[in-house]
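One letter stands for each residue in the lines below.
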Amino acid sequence: MATHNQTGQEGEAVAAAWLQQEGYVLLHQNWRFKHWELDIVAEKGGVLHLVEVKTLRSNRFGYPEQQVGHKKRQSLAKAAEQYLLQYPQWQRIQFDVLSITLVAGQAPQCYLLEDIS
């Protein structure tokens, strides 16, 4: 497995645990429709949270959340449209980015950017 794939999987595992610790109920992980994907779909307080997880092993080239550009936000919107067609009961949704930095020998650093739309 490529290093970046392993980093991504580790980050998503950290993200799932962190979100649950913060009171989110995980509904789906890696939900896919065609070539679109939602990393984590969770609920908290009656709001559907569509969470993009970005993970890096250092901040040498910037912070993980800086990797979510315009094209990625468009892709998230397309995935969300399809998700809501399949699960139309949600009245309130928001897009979040969970930024994770994994540094060897240190606890993972998690930073949640809420409602990025």
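Procedures and definitions
- Residues numbered from 1 in each chain as written.
- Predicted model: local features only at pLDDT ≥ 70, side-chain atom pairs only at ≥ 80, totals over all residues.
- Heavy atoms only, no water.
- Helix = DSSP H or I, 4+ residues; strand = E, 2+ residues; numbered from the N terminus.
- Rg over C-alpha atoms; globule rule 2.2 N^0.38 Å.
- Phe/Tyr/Trp six-rings, centres within 6.5 Å; stacked < 30°, edge-to-face > 60°.
- Buried < 20%, exposed > 50% of the residue type's maximum accessible area, 1.4 Å probe, protein only.
- Pairing = 2+ DSSP bridges.
- Axes fitted to C-alpha atoms, helices over the stretch in contact; angles between N-to-C directions.
- Contact = heavy atoms within 4.5 Å.
- Salt bridge = Lys/Arg side-chain N within 4 Å of Asp/Glu carboxyl O.
- Expected span 1.5 Å × (residues − 1).

1. Some thoughts on the overall build of the chain
Secondary structure assignment for the chain yields 2 helices and 5 strands. The order of α-helices and β-strands along the chain, N terminus first, is α-β-β-β-α-β-β. Against the globule reference of 13 Å for 117 residues, the chain gives a C-alpha radius of gyration of 14 Å, in line with a compact fold. Overall size of the chain, expressed as C-alpha extent along the three principal axes, is 45 × 30 × 25 Å.

2. A closer look at the packing of aromatic side chains
Under the defined criterion, the tally for this structure stands at 3 aromatic pairs. Here the aromatic rings of F33 and W36 are separated by 6.3 Å at their centres, their planes lie at 10°, and the arrangement is stacked. On the accessibility criterion, W36 (18% relative accessible area) is buried. What links up through ring pairs into an aromatic cluster is the set W31, Y83 and Y87.

3. Notes on the sheet that holds strand β1 (residues 25–33)
Strand order across the open sheet formed by 5 strands is β1-β2-β3-β4-β5, with mixed pairing between neighbours. The outermost strands of the open sheet, each flanked by one partner alone, are β1 and β5 (109–113). Direction aside, the axes of adjacent strands within the sheet are offset by 30° on average. As paired strands, β1 and strand β2 (residues 36–44) are joined by 7 bridges and run antiparallel to one another. Within β2, the residue paired with V25 across the bridge is E43. Against the sheet, helix α2 (residues 70–86) touches β1, β2, β3 (47–56) and β4 (93–101), its axis set at about 65° to β2.

4. So, the pattern of salt bridges
By the definition in use, this model includes 4 salt bridges. Its salt-bridge partner being R57, residue E10 comes within 2.9 Å of it at the nearest N-O pair. Within this pair, whereas E10 is found in helix α1 (residues 3–21), its partner R57 is found in the loop between β3 and α2, the two being separated by 47 residues in sequence. K54 is the salt-bridge partner of E52, the closest N and O atoms lying 3.6 Å from each other. Salt bridges sharing common partners tie together E52, K54 and K72.

5. Digging into α1
Over its 19 residues, α1 extends 27 Å from the first C-alpha to the last, a length consistent with the 27 Å expected when each residue adds 1.5 Å. Of the residues making up α1, those classed as buried are T7, G11, E12, A15, A16 and L19. Check the buried side of α1 and you find it contacts β1, β2, β3 and β4. G23 sits one or two positions beyond α1 and adopts a positive phi of about 95°.

6. Regarding unusual backbone geometry
One non-glycine residue, N30, lies in positive phi territory at about 55°. Turning to its location among the elements, N30 is positioned in strand β1. At D115, a position not held by glycine, the phi torsion is positive, near 55°. Tracing the backbone through its elements, the reader meets D115 in the segment after β5. D115 gets classed as partly exposed once you look at its relative accessible area, which sits at 43%.

Taken by themselves, the reported measurements are silent on function.
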